[in-house]
Structures are given as C-alpha cells and as structure tokens.
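Per-entry structural report
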Amino acid sequence: MASAGLSFENPLFAAYAAYASLVTLKMFFVTGATAYFRYSRGVFANPEDVKRRLKKGAVPRLDHPEVERVRRLHLNDLENIPAFLAVGLLYVLTGPSPGVALWHFRVFTAARCLHTLSYLAAVQPWRALGFIAGLLTTTSMAVQVLMAGAL
Amino acid sequence: MASAGLSFENPLFAAYAAYASLVTLKMFFVTGATAYFRYSRGVFANPEDVKRRLKKGAVPRLDHPEVERVRRLHLNDLENIPAFLAVGLLYVLTGPSPGVALWHFRVFTAARCLHTLSYLAAVQPWRALGFIAGLLTTTSMAVQVLMAGAL
Amino acid sequence: MASAGLSFENPLFAAYAAYASLVTLKMFFVTGATAYFRYSRGVFANPEDVKRRLKKGAVPRLDHPEVERVRRLHLNDLENIPAFLAVGLLYVLTGPSPGVALWHFRVFTAARCLHTLSYLAAVQPWRALGFIAGLLTTTSMAVQVLMAGAL
C-alpha cells in the first residue's frame with residue numbers, strides 16, 4: 001500500500017504536508033513582521049542598512065523594544081518549528097491512528113499561531129499556553145517515534 | 001525491498017528515527033532549562049511576564065549570566081540539530097554501511113549531550129569537543145549525501 | 001515507479017539532496033567563520049573560554065562588531081535554511097515539473113551564498129536581494145506543498 005508512506009496519496013502525509021507548510025508560512029510572517037518593525041521604526045542592526053540615515057560609524061541599535069520583541073518571538077519559532085517539521089514526518093511513518101495524528105498537527109499549528117499573536121500583542125498567559133501546547137505536541141510525537149525506533 | 005527506504009522496517013531508518021527523537025528531546029530539555037532559570041532567578045525578557053514582580057514600564061533584564069548561558073547553549077543547538085535531522089534522513093537514503101551510519105548517529109547524539117552538560121557546567125575543553133564532534137559527524141553525512149546527489 | 005519518490009534514483013530527489021547538503025555545508029561555513037572571528041579577535045561569550053586571557057570574573061564581550069555581524073548572519077541562516085530543507089523535501093513529493101523545481105533549488109542555494117558573502121562584506125542591496133530571493137523560493141515551494149496537501 002503506497003498510502004502508508006511518504007506520498008500525497010497517503011491522507012495522513014497529505015495532512016502533515018499541509019500543516020507543515022502552514023506553520024512554515026506562519027514563521028515567514030514573523031520574518032516579514034521583523035522587516036516591518038525595522039523599516040517603520042528605522043531600527044537596523046547593520047551600519048550598511050542605515051548609511052543614508054545615520055552618520056558613518058554610528059552604532060546600530062540593538063535595543064528597540066518592538067524589534068527585540070519580534071526577534072524573541074522569531075527565535076522561539078526556531079526553537080520549535082524545525083523540530084516539528086522533522087519529527088512530524090517521522091511520526092507519520094510510525095503509522096499512528098489518523099484521527100490522533102491529525103489532532104497533533106492541528107493543535108501544534110493553532111498553538112504556534114496563538115503564541116505568535118499573543119507575543120505580538122504582549123498578552124499572557126495566552127503566549128505561555130501556545131508555547132506549552134506546541135512543545136507538548138512535538139514531545140508526544142517524538143516519544144512515539146522513539147518507541148517505534150531502535151537505538 | 002521496502003527495507004532500503006524510509007520505513008521502520010528498515011533497521012537503519014529505525015535507528016535514525018530513534019536518535020533523531022532523542023536529540024530533539026535533548027533540545028527540549030534545554031528549553032525546559034531556560035524556563036527553569038528564568039523562573040527560579042526571576043529573570044524575564046518581556047514586561048508582561050513580570051507584571052506582578054516589577055513596576056510597570058520596568059526594563060526586563062537581558063544580561064543575567066545563567067539565563068544568557070542557557071540561551072547561548074540553545075542557539076548552538078539550533079545551529080546543529082535541525083541540520084542533523086535533515087541531513088541524517090537523506091544520508092539513510094544513500095544506502096551507507098549500517099555499522100558506519102549507526103556510529104554517525106551515536107557520536108552525534110553523545111556529542112550534543114556532552115556539549116549540553118559541559119555548557120551548563122561551564123567546563124572546557126569538553127564543550128568544544130562535543131561541539132566539534134557533532135559538527136564533523138553532520139559534515140561527514142552531508143558530504144556523502146552531496147556525492148550521492150546530482151547538482 | 002520508484003523514481004517518483006524519495007530515492008536517489010529519482011533525479012529530482014538527487015538534485016534536492018545535493019542542494020540541501022550544499023546549503024547545510026554553507027551554513028557550517030558560517031559556524032566556522034564565527035569561530036574564526038572569535039579566536040582571531042579574542043572575543044568570547046563565556047568566562048571559561050577566556051580563563052587564560054582575562055582575569056577571573058571578567059565580563060565576556062557580547063558587543064564586538066565583527067563577531068556580532070557573523071552571529072546575525074548565522075541567525076538569518078537558521079531562519080531560512082531549515083525551512084528550505086523541510087519544505088524542499090515535501091515539494092519533491094508533489095511531483096513538480098523537474099525544470100521548475102531545479103531552478104527553485106538553484107536560486108535558493110545561490111541566494112543564500114550571495115546573502116552570506118554580502119553580509120560578511122557589509123554590502124547592500126546584495127544582501128537584501130539574496131535574503132528576499134531565498135525567502136520567495138521557499139515560500140513558492142511551501143504554497144505548492146500546501147495546495148497539494150489536505151488540511
């Protein structure tokens with residue numbers, strides 16, 4: 001059965017692929033948000049980015065609250081999303097119950113969107129909830145992959 | 001033979017999957033360590049995280065030695081572990097000698113654990129050794145994938 | 001047909017694998033560049049790295065312009081390269097036109113090399129062009145994977 005492996009004919013793989021792209025595009029939204037805050041606030045990290053605005057040799061700012069906020073959000077994405085992309089693929093190959101697996105993908109994607117929006121809006125405990133739900137989902141998949149694997 | 005591809009019936013893939021999850025869970029351990037240091041030391045990066053402890057508008061600290069240490073360790077994980085997850089999967093598909101491949105996975109995983117523990121304990125040269133061994137292992141796999149591939 | 005899946009007998013997969021390794025090795029070049037700047041400039045982030053050079057308890061520097069430049073470059077790699085590695089693999093499985101797919105891989109790899117070199121040389125707008133071209137390439141692949149997938 002081709003439908004048990006890494007093929008878009010396997011509905012579970014097709015679901016994983018869709019959520020994997022969604023969450024990657026969400027991460028790129030944060031890349032765009034960083035660029036937006038840098039340009040709209042005129043805050044750049046490199047002298048060559050500001051040569052028309054600052055005197056030569058001026059120290060670029062690394063302490064703008066909004067820019068640093070979106071950079072911390074981006075770093076949190078990097079700590080969680082690549083792990084999901086890799087572990088999710090392996091998890092599909094463990095042959096999980098499709099319903100259970102689908103909810104792993106949905107909860108992770110929703111959790112990261114919640115994390116992103118509540119980080120930008122500076123609201124707790126929603127940000128912490130989104131972060132923890134995403135981490136637990138990937139941990140659950142990693143444990144199942146570990147049990148299916150062989151050291 | 002299904003056992004040559006990405007299936008848990010392929011013993012080499014099953015080994016890759018197990019080490020990939022282990023090293024991901026190790027990375028999440030560092031995520032937990034960051035949270036532990038932030039909460040136990042009361043050091044937060046965002047004003048909304050500390051609203052009960054600091055006055056409104058207080059500047060959150062970004063210079064606590066223990067918290068910054070675990071953040072640097074985490075960043076080093078991000079520079080190495082996602083690369084291993086991706087390249088390791090491609091390496092399995094090059095059909096390497098199983099014994100040689102297994103040692104790549106084991107050395108990488110052990111090296112990253114050594115790196116983590118020696119970063120937290122602030123001991124050199126063990127941290128450098130763990131870092132370099134992990135980097136060389138992934139480089140070796142990447143070169144073998146490059147040679148099996150076609151530009 | 002085995003040649004449509006994740007196998008080095010599939011020419012498109014073989015191309016993806018080669019570009020994926022190349023771009024990973026390029027990222028490791030930046031890891032080496034960080035080490036080079038740290039050692040040649042004597043700028044370390046951890047007290048245990050400098051115990052022979054600094055007095056005990058000395059604060060390690062986190063503000064050296066060249067070292068911080070290469071660290072920002074590295075972080076930009078982390079924001080883009082793992083996403084390419086994951087999405088590129090899924091994109092191969094969507095069965096794209098081989099010619100179009102090959103150009104995605106080539107443009108991404110060339111764009112990231114341009115980004116790296118122009119970041120180190122501090123020249124704009126080449127750095128921005130490399131960054132944007134790489135981001136658009138991965139976004140294009142992610143959108144195609146999303147359309148082939150099923151939420």
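Residues numbered from 1 in each chain as written. Chains lettered and ligands numbered in written order. Predicted model: local features only at pLDDT ≥ 70, side-chain atom pairs only at ≥ 80, totals over all residues. Heavy atoms only, no water.

This part is about the relation of the copies chain B and chain A. Turning chain B through 120° and shifting it by 0.0 Å along the axis lays it on chain A, with an RMSD of 0.0 Å. Within this description, the copies of the chain are treated as partners about a three-fold rotation axis. In terms of proximity to the rotation axis, the leading residue of chain B is P82 of chain B, whose C-alpha is 3.6 Å off the axis. Of the interface residues in chain B, just 17% have counterparts in chain A that sit at the interface too, so the contact is made through distinct surfaces. (Least-squares fit on C-alpha atoms with pLDDT ≥ 70 in both. Contact = heavy atoms within 4.5 Å.)

Let's shift gears to the confidence of the model for chain A. For residues with low pLDDT, the predicted coordinates do not support detailed interpretation. For chain A, per-residue confidence averages 89 on the pLDDT scale, and residues scoring 70 or more make up 91% of the total. Per-element averaging of pLDDT across chain A places helix α1 (residues 11–41) of chain A at the bottom with 94 and helix α3 (residues 98–120) of chain A at the top with 97. (pLDDT = per-residue confidence, 0-100. Helix = DSSP H or I, 4+ residues; strand = E, 2+ residues; numbered from the N terminus.)

Attention shifts here to the side chain of D77 of chain A. Mapped onto the elements of the fold, D77 of chain A is located in helix α2 (residues 65–93). Since its relative accessible area comes to 0%, D77 of chain A is described here as buried. (Buried < 20%, exposed > 50% of the residue type's maximum accessible area, 1.4 Å probe, protein only.)

Attention shifts here to helix α2 (residues 65–93) of chain C. All names here are of chain C. Relative to the 42 Å expected for 29 residues at 1.5 Å per residue, α2 spans 43 Å between its end C-alpha atoms, a close match to the ideal helical length. The sharpest bend along α2 comes to roughly 30°, located at L78, with the proline P82 sitting one to four residues further on. Counting buried positions along α2 yields 26 of 29 residues, so the element is predominantly enclosed. Trailing α2 by a residue or two, G95 shows a phi angle of about 65°, which is positive. (Expected span 1.5 Å × (residues − 1). Bend = angle between axes of the 7 residues up to and from the residue.)

Looking now at the interface of chain C and chain A. Contacts between the two partners involve 31 residues from chain C and, on the opposite side, 31 residues from chain A. Ranking the residues of chain C by area buried against chain A places E79, L90 and L151 of chain C at the top, with a combined share of 21%. Here chain C and chain A share two salt bridges between them. Ionic pairing is found between R69 of chain C and E48 of chain A, a salt bridge with its closest N-O pair at 2.8 Å. (Buried area = accessible area lost by both parts, 1.4 Å probe. Salt bridge = Lys/Arg side-chain N within 4 Å of Asp/Glu carboxyl O.)

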